[in-house]
Amino acid sequence: KGPSGPQGFVVQPRRLPKAEASVRVQDFGEIIVKPTTENVEVQAGRCTDCGVPFCQNACPLQNNIPDWLGLSAEDEMREAWRIASATSTMPEICGRICPQDRLCEGSCTLNQSGWEAVTIGSVEAFIGDTAFDNGWVEPIRPLHERAQSVGIVGAGPAGMAAADRLREQGYQVTIYDRHDRPGGLLIYGIPGFKLEKRVVQRRTDRLAEGGVEFVLNCEVGKDVTLDQLRDKHDAVLLAMGVYQARALQAPGAGPGSTVAALDYLIHQNRRDLGEQDGGWHHAEGRDVVVIGGGDTAMDCVRTAVRQGAKSVTCLYRRDRDNMPGSAREVANAEEEGVVFEWLGAPKALMSKGGSTSAVRAARMALSEPEFGKRRDIVPVPDGDFDLPADMVIEALGFEPEAFAAHSPELSLSQWNTVAVARGGFATSLPGVYAAGDAVRGASLVVWAVRDGQDAAAEIDRYLKAQAEGVAA
Ligand code: FAD
Ligand code: SF4
């Protein structure tokens, strides 16, 4: 099996084709570079085909990882693509941006036994890229057209995955998005060094070429109402994500003194897409402090490094072991020169001459561990300190915004996400479904893809039942 034989993992160490930090911070290109076919064969050949695919169980899409690894090790890329694309509408995207250390690779038998996981994500991205390069990615060509139509609110991964599957079935699909480009956070949130924009665009292009209609710059709830969409379409899918940024509660904080993480990332993404700089936020030559410890904070610090900031510090109130961001992203940020100020809680924003000059923070300590409880944080007496900052970015996470298109009959959960029936995607409104972050709260792309695909299957059943005049 593979060029290294069945025990490939013993002789071949794990090798991820990652660019050196000093090189990769020079631009916004992906830091995982495309491996050679030979390298992919060697790395895929490290899979032991252990017979108990923990990797597959840990993958939200239940991807058939051992099979496509085995085929890649034997340079059977086209067959590997056929299998990889059967369970996922965007393998080359998930292969790039899943936190594999927490999902498939974290559960790999090799990882569990101290041999380091197979580079599953990188092989998956390679299979997808090879398929696009060789024209193996089939256009969407439904076997027969159906008259019924589905309106999707949100062109992020959940909406895209659902559109892909529904259009395949021949439904007329329209996606409404308030942005000027489709892709959701794939295009305007996640930076190019994790996911280059061309990779997202070729997916959205494929949907458009397959007959999916995009209505952009259209905010549902403002430019069109949910009721209008329900009148126009036979079913509606709400996949509008979560966008209400949690605000920093500290004296001196607020618009003008801080920058919102998503605004900052959108500006750099627009530059990457070739747009003219519209006076957008830029960190060049500045002392930047990013407040927060999630993946959005990691994306901000690493963007600031690439923009040429004088210094970049991540201020987080808990310690490394208790931060929500992926350990892999923290390691990447550290390699790129980001300083982490753990156990520091922002207390106030200081200013000089009308501009922000520093963040005052309280030194925190973890409370004594208690069974079944997350350790609390408590301030250390006389532990205040100042971090010089002339640019402060708030990256404290997101909550559902008051969705302007809500009908009073659309039930919400206690977290203000859209409530759906247990084990499915149906909302309290007949014919209206919901998927992705809008239901889960801030989550992962791979879960949005899974939800989008499964919601499409449920909508398909509903529409077929409607067409036949029976209840779904
Ligand atoms: P979204 O991608 O948010 O898409 C929702 C779409 O709906 C958007 O295009 C929005 O414009 C549109 N919309 C919203 N309201 C309306 C309205 N009223 N009318 C019309 N359109 C509307 N996950 C990972 O797996 N890996 C990562 O590395 C990663 N990095 C991230 C980095 C950042 C900065 C952020 C913020 C998130 C990251 N995530 C990552 C999480 C991931 O991006 C989301 O979980 C995923 O995009 C959710 O998909 P979605 O389709 O549900 O929503
Ligand atoms: Fe791993 Fe994500 Fe690919 Fe599943 S989709 S195999 S979790 S990288």
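Shown above is the structure to which this text applies.
Below, the structure is looked at part by part.

About the cut-offs
Residues numbered from 1 in each chain as written. Chains lettered and ligands numbered in written order. Predicted model: local features only at pLDDT ≥ 70, side-chain atom pairs only at ≥ 80, totals over all residues. Heavy atoms only, no water. Near = heavy atom within 4 Å. Polar contact = N/O pair within 3.5 Å; in protein donor to acceptor, adjacent residues only side chain to side chain. Areas by Shrake-Rupley, 256 points an atom, 1.4 Å probe, with all protein chains shown as cover. Helix = DSSP H or I, 4+ residues; strand = E, 2+ residues; numbered from the N terminus. Nonpolar A, V, L, I, M, F, W, Y, C, P; charged D, E, K, R; others polar. Domains from an automatic or database assignment. Pairing = 2+ DSSP bridges. Axes fitted to C-alpha atoms, helices over the stretch in contact; angles between N-to-C directions. 1 Å grid on protein atoms, 1.4 Å probe; cavity = no way out; pocket = protein on both sides within 12 Å on 5 of 7 lines; lining within 4 Å. Points joined across faces, edges and corners; volume = space filled by probe spheres on them. Buried < 20%, exposed > 50% of the residue type's maximum accessible area, 1.4 Å probe, protein only. Contact = heavy atoms within 4.5 Å. Sits in = over half its atoms within 2 Å of the grid points.

Right, let's talk about the site of ligand 1 for a bit. Near ligand 1 there are 34 residues, and of these Ile97, Asp177, Lys194, Val220 and Tyr243 occur at the shortest range. Taking Leu185, its main chain carries an N or O atom lying 3.0 Å from an oxygen atom of ligand 1. With the chains in place, 97% of the 990 Å² that ligand 1 exposes on its own is no longer accessible. Put simply, the parts of the chain that give the shell around ligand 1 at least two residues each are helix 11 (157–168), helix 16 (295–306) and helix 19 (445–467). Residues belonging to the shell around ligand 1 are distributed by class as follows: 19 nonpolar, 9 polar and 6 charged. When residues of the shell around ligand 1 are assigned to domains, at least three fall in each of domain 2 (149–242 + 400–467) and domain 3 (248–397).

What follows is about the sheet that holds strand 2 (residues 172–176). Read across the open sheet, the 5 strands follow the order 3-2-1-4-16; overall the sheet is parallel. In this open sheet, the two strands that pair with only one neighbour each are strand 3 (213–215) and strand 16 (432–434). Neighbour-to-neighbour, the strand axes of this sheet turn through a mean angle of 20°, independent of strand direction. Where strand 2 and strand 3 come together, 3 bridges link them in parallel fashion. Residue pairing across strands places Tyr176 opposite Val215, the latter belonging to strand 3.

So, about the layout of surface pockets. Taken as a whole, the second largest pocket holds about 740 Å³ of empty space. What lines the second largest pocket is a set of 36 residues, and nearest its centre among them are Leu16, Ile32, Arg96, Ser122 and Arg328. Of all the secondary structure elements, the ones that give two or more residues to the lining of the second largest pocket are helix 7 (91–97), helix 8 (104–107), helix 10 (120–133), helix 13 (197–209) and helix 17 (327–335). Looking at side-chain class alone, the lining of the second largest pocket contains 11 nonpolar, 7 polar and 18 charged residues.

This part covers helix 3 (residues 37–44). Turning to helix 3, its buried residues number three or more, namely Val40, Glu41, Val42, Gln43 and Ala44. Taken together, the buried residues of helix 3 touch helix 5 (65–73), helix 6 (77–87) and helix 10.

Attention now moves to the site of ligand 2. Looking at ligand 2, the residues that line it are Cys59, Asn63, Ile65, Cys94, Cys98, Gln100, Leu103, Cys104, Glu124 and Val446. Cavity membership is defined here by more than half of the atoms lying within 2 Å of grid points; on that basis ligand 2 lies in the largest cavity.

All right, on to the sheet that holds strand 7 (residues 287–291) then. Pairing is parallel in the open sheet, where 5 strands are placed in the order 6-14-7-8-9. Looking at the sheet topology across the chains shown, the edges are occupied by strand 6 (259–260) and strand 9 (339–341). Contacts between helix 16 and the sheet are confined to strand 7, strand 8 (311–315), strand 9 and strand 14 (391–394), with strand 8 contributing the most and set at about 170° to the helix.

Turning next to empty space enclosed by the protein. Tallied over the full model, the rule gives 1 cavity of 30 Å³ or more. Roughly 90 Å³ of volume is contained in the largest cavity. The wall of the largest cavity is formed by 14 residues, among which Cys59, Asn63, Cys98, Cys104 and Glu124 lie closest to the centre. Where the lining of the largest cavity is concerned, the elements lending two or more residues are helix 5 and helix 10. Here the lining of the largest cavity is composed, by residue class, of 10 nonpolar, 3 polar and 1 charged.

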